[in-house]
Amino acid sequence: MDRMIESSKQVSLFCRLNLNRPRELPIRSSEMGMLIYLVKTDEMKTPNAAARFFKVTKAMATNMVTSLLSNGYIEKRQLETDRRSYELIPTAKAVRLVEDTYKDYFKTMSLLEAKLGEEKFDALICLLTAANEILLEEKSDE
């Protein structure tokens, strides 16, 4: 039981250190994640694609899209292949925000990679990926 308590403490501390760093963003961190996705990805950028990428509901992705639209960070362009769907286009304002904050947003990961070395960092990411897959599978079974 002591091992589980210590393990839980370490995971909790890691999450707090990584997620609770103060960031001066004009939008919510989830919306920033969406902007990074829209600016940095090469795949089709639709609300459905974003929802699949972030493993959230389409309604949740739509809420982020609505907020980003109203704040001038994205534009919508109707798809010619399916008039019911639309592509999300980041504006110049979004691209500037992503470029200005991108390095800071991934500062923790860059620090870990530099200090752990490539081999240990890759092992960490591999284990986190496996853990996430288990947790996502468990969540989908509920």
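Just so we're clear, the structure is a prediction, and the values are computed from it rather than from any experiment. (Residues numbered from 1 in each chain as written. Predicted model: local features only at pLDDT ≥ 70, side-chain atom pairs only at ≥ 80, totals over all residues. Heavy atoms only, no water.)

**Student:** Lay out the overall build of the protein with the relevant residues and their values.
**Tutor:** Broken down by element type, the protein carries 7 helices and 2 strands. Taken along its principal axes, the extent of the C-alpha atoms in the protein is 55 × 40 × 25 Å. Of all 142 residues assigned to the protein, the portion counted as buried reaches 25%. Contacts in the protein between residues far apart in sequence, at least 24 positions, make up 53% of those at least 6 positions apart. (Helix = DSSP H or I, 4+ residues; strand = E, 2+ residues; numbered from the N terminus. Buried < 20%, exposed > 50% of the residue type's maximum accessible area, 1.4 Å probe, protein only. Contact = heavy atoms within 4.5 Å.)

**Student:** Hey, could you go over the side chain of threonine 101 for me, with residue numbers and the actual values?
**Tutor:** Relative to the helices and strands, threonine 101 is located in helix α5 (residues 92-105). Owing to a relative accessible area of 14%, threonine 101 belongs among the buried residues under this scheme. Separated by 2.8 Å, the side chain of threonine 101 and the backbone oxygen of leucine 97 make a polar contact. If sequence neighbours within four positions are ignored, threonine 101 has contacts with Leu25 and Met32. (Polar contact = N/O pair within 3.5 Å; in protein donor to acceptor, adjacent residues only side chain to side chain.)

**Student:** Give a detailed account of helix α4 (residues 58-70), specifying residues and quantitative values.
**Tutor:** Each turn of an α-helix holds 3.6 residues, which means side chains three or four residues apart point in the same direction. When the terminal C-alpha atoms of α4 are compared, their 18 Å separation across 13 residues agrees well with the 18 Å that a helix rising 1.5 Å per residue should span. Buried residues in α4 make contact with α2 (29-40), α3 (47-54), β1 (74-78) and β2 (86-90). Count one or two residues on from α4 and you reach glycine 72, which has phi positive near 75°. (Expected span 1.5 Å × (residues − 1).)

**Student:** Before we move on, can you summarise a nonpolar patch on the surface with the specific residues and values?
**Tutor:** On the surface, Met1, Met4 and Ile5 cluster together into a nonpolar patch covering about 370 Å² of accessible area. Considering the arrangement of structural elements, one finds methionine 4 in helix α1 (residues 2-19). (Patch = residues over 30% accessible without salt bridge, like charges linked within 9 Å, V, L, I, M, F, W, Y side chains within 5 Å. Areas by Shrake-Rupley, 256 points an atom, 1.4 Å probe, with all protein chains shown as cover. Salt bridge = Lys/Arg side-chain N within 4 Å of Asp/Glu carboxyl O.)

**Student:** Explain the packing of aromatic side chains to me, using residue names and the numbers behind them.
**Tutor:** Here the structure, examined in full by the defined rule, presents 3 aromatic pairs. Taking the centre distance of 5.7 Å and the plane angle of 65° together, the rings of tyrosine 37 and phenylalanine 54 count as edge-to-face. One end of the pair, tyrosine 37, is in helix α2; the other, phenylalanine 54, is in helix α3, with 17 residues separating them in the sequence. Classification of phenylalanine 54 as partly exposed rests on a relative accessible area of 29%. Within the aromatic cluster, the residues linked to one another by ring pairs are Tyr37, Phe53 and Phe54. The residue whose ring lies beneath lysine 76 is tyrosine 86, and the NZ or CZ to ring-centre distance is 4.2 Å. Across the ring face of tyrosine 73, the terminal group of lysine 93 is positioned such that the distance to the ring centre comes to 4.5 Å. (Phe/Tyr/Trp six-rings, centres within 6.5 Å; stacked < 30°, edge-to-face > 60°. Lys NZ or Arg CZ within 6 Å of the ring centre and 35° of its normal.)

**Student:** Give a detailed account of the side chain of lysine 45, specifying residues and quantitative values.
**Tutor:** Along the chain, lysine 45 falls in the loop between α2 and α3. Summary of buried charges: lysine 45 has no salt-bridge partner, and the nearest side chain of opposite charge, glutamate 87, is 5.8 Å away. Beyond its immediate chain neighbours, meaning those up to four positions away, lysine 45 contacts Leu38, Tyr86, Glu87 and Leu88. (Lys, Arg positive; Asp, Glu negative; His and termini not counted.)

**Student:** I'd love a proper account of the environment of threonine 81, names of residues and values included.
**Tutor:** By the secondary structure assignment, threonine 81 is in the loop between β1 and β2. Threonine 81 sits in the exposed class, given a relative accessible area of 79%. Expressed as a C-alpha distance, the spacing of threonine 81 and arginine 3, which sit 78 residues apart in the sequence, is 55 Å.

**Student:** Tell me about the confidence of the model for the protein, and name the residues and values.
**Tutor:** When pLDDT is averaged across the protein, the result is 89; 96% of the residues are at 70 or more. When pLDDT is averaged over each helix and strand of the protein, the minimum, 86, is found for α1 and the maximum, 95, for β2. (pLDDT = per-residue confidence, 0-100.)

**Student:** I'd like a description of unusual backbone geometry, backed by residues and values.
**Tutor:** The backbone of lysine 55 shows a phi angle near 55°, a positive value even though the residue is not glycine. Structurally, the position occupied by lysine 55 is in the loop between α3 and α4.

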